[in-house]
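Structure at a glance
Now for the letters of each chain:
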Amino acid sequence: MSKHFAADELLALVLALSKTWAFPLSYCATSSPPTPAELRRRRRSVVEAVRLLVTPVSSTP
């Protein structure tokens, strides 16, 4: 559980992140859908962003 966000706030943030990559503007501007490699890259980005959201911040430098 994150100490920085309430559960409902964390859920909203995760949903917003995932929706951002579901229909990116770059796809809307082109006639071709994203490649499987691009979809994997986007997924990794969302997973990493969520990991950063829930990872405690260390107070030691």
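Refer to the structure above for everything that follows.
Structure report, in brief.

What follows covers the overall build of the protein. If you tally the helices and strands in the protein, you get three helices and zero strands. Seen in sequence order, the protein has helices and strands lined up from the N terminus as α-α-α. A buried classification covers 10% of the 61 residues belonging to the protein. Of the roughly 5,100 Å² of accessible surface on the protein, a fraction of 67% belongs to carbon and sulfur atoms.

Let us now look at the environment of R41. Among the secondary structure elements, R41 is positioned in helix α3 (residues 36–54). The exposure class of R41 is partly exposed, given its relative accessible area of 35%. Reaching out from R41, the side chain makes a polar contact with the side chain of E38 at a distance of 2.8 Å.

Our next topic: the packing of helix α1 (residues 7–22) against α3. Packed helices, taken two at a time, are described by the angle between their axes plus the distance between the axes. For the pair α1 and α3, the least separation of the axes is 10 Å and the interaxial angle reads 160°. The orientation of α1 relative to α3 falls into the category roughly antiparallel. Of the two elements, α1 crosses α3, and the hand of that crossing is right-handed. The segment α1 lies against α3, with L10, L13, V14, L17, S18 and W21 engaging E38, R41, R42, S45, V46, A49, V50, L53 and V54. Residues belonging to the contact of α1 with α3 are distributed by class as follows: 10 nonpolar, two polar and three charged.

How each quantity is defined
- Residues numbered from 1 in each chain as written.
- Predicted model: local features only at pLDDT ≥ 70, side-chain atom pairs only at ≥ 80, totals over all residues.
- Heavy atoms only, no water.
- Helix = DSSP H or I, 4+ residues; strand = E, 2+ residues; numbered from the N terminus.
- Buried < 20%, exposed > 50% of the residue type's maximum accessible area, 1.4 Å probe, protein only.
- Areas by Shrake-Rupley, 256 points an atom, 1.4 Å probe, with all protein chains shown as cover.
- Polar contact = N/O pair within 3.5 Å; in protein donor to acceptor, adjacent residues only side chain to side chain.
- Axes fitted to C-alpha atoms, helices over the stretch in contact; angles between N-to-C directions.
- Parallel < 35°, antiparallel > 145°, perpendicular 65-115°, else oblique.
- Left-handed = near helix turned anticlockwise from the far one by under 90°.
- Contact = heavy atoms within 4.5 Å.
- Nonpolar A, V, L, I, M, F, W, Y, C, P; charged D, E, K, R; others polar.

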